[in-house]
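# Secondary and tertiary structure notes
Listed here are the chains, written in short residue letters.
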Amino acid sequence: MSLSAFLNPVKEEACKIVASKRFIGEDGKPVEWELRTITADEDEAIRKACTKKMPIAGRKGQFSQETDLNKYLGLLAVSCTVYPNLNDVELQNGYGVMGADNLLKTMLHAGEYTQYVSKVQELNGYDSSMDELVEEAKN
């Protein structure tokens, strides 16, 4: 067995999608947004940022971990967005928000945001439905 396949993985190209037909470029066509995949380490850091210890009722000194799924999906989407640069201060100021996750949620309508997050999940290999992810987060 050779390890060359593991040492030379296929380079993944960034994925381009139209997140909203409302953003029109100079050519009169909707602007494509650019997405990338993230590593398992990046995903773990996002999950940790969205997980907090909650005291278990009636059990002194015992805690359970709960993940805020909405926060996780928002930060995942932000981490995967290459273009537009959601961390750009001028863009955030233009929408009157602070933070890339708030900017993304402000820029896109509810349905657009849901489709965008679904595409980000698909791109990163999550084949589970939203209901399955909610159940996983609860456990």
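Up top you'll find the structure we're talking about.
These figures come from a predicted structure and were not determined experimentally.

Conventions and cut-offs
Residues numbered from 1 in each chain as written. Predicted model: local features only at pLDDT ≥ 70, side-chain atom pairs only at ≥ 80, totals over all residues. Heavy atoms only, no water. Axes fitted to C-alpha atoms, helices over the stretch in contact; angles between N-to-C directions. Helix = DSSP H or I, 4+ residues; strand = E, 2+ residues; numbered from the N terminus. Left-handed = near helix turned anticlockwise from the far one by under 90°. Contact = heavy atoms within 4.5 Å. Nonpolar A, V, L, I, M, F, W, Y, C, P; charged D, E, K, R; others polar. Salt bridge = Lys/Arg side-chain N within 4 Å of Asp/Glu carboxyl O. Buried < 20%, exposed > 50% of the residue type's maximum accessible area, 1.4 Å probe, protein only. Pairing = 2+ DSSP bridges.

Relative orientation of the contacting elements helix α2 (residues 40-49) and helix α3 (residues 69-80) amounts to 145°, with a least axis distance of 9 Å. Taken as a pair, α2 and α3 cross one another with a handedness that is right-handed. Within the contact between the two elements, α2 uses Asp 43, Ile 46, Arg 47 and Ala 49 and α3 uses Lys 71, Tyr 72, Leu 75, Leu 76 and Ser 79. Here the contact of α2 with α3 is composed, by residue class, of five nonpolar, one polar and three charged.

Here we come to the pattern of salt bridges. Per the stated rule, a full pass over the model turns up five salt bridges. Here Asp 43 makes a salt bridge to Arg 47, at a shortest N to O gap of 3.2 Å. Taken together, the residues span about one helical turn, with Asp 43 and Arg 47 both in helix α2 at a distance of four residues. Among the residues examined, Asp 43 registers a relative accessible area of 10% and is labelled buried. A relative accessible area of 26% means that Arg 47 is categorised as partly exposed. The partner of Lys 119 in a salt bridge is Glu 122, and the shortest N-O contact between them spans 3.5 Å. Note that Lys 119 and Glu 122 are positioned in helix α6 (residues 110-123) at a spacing of three residues, about one turn of the helix.

What follows concerns the sheet that holds strand β1 (residues 15-17). Spatial strand order, β1-β2-β5: three strands in an open sheet with antiparallel pairing. Strand pairing shows two members of the sheet lacking a second neighbour, β1 and β5 (81-83), which therefore form its edges. On average, adjacent strands in this sheet sit at an angle of 35° to one another, irrespective of strand direction. Judged from the three bridges that link them, β1 and strand β2 (residues 33-35) form a sheet pairing that is antiparallel. Its bridge partner being in β2, Cys 15 is matched across the sheet by Leu 35. Those strands touched by α3 are β2 and β5, and its axis lies near 40° from that of β5. Along the sheet, α6 contacts β1, β2 and β5; its crossing angle with β2, the most-contacted strand, is approximately 35°.

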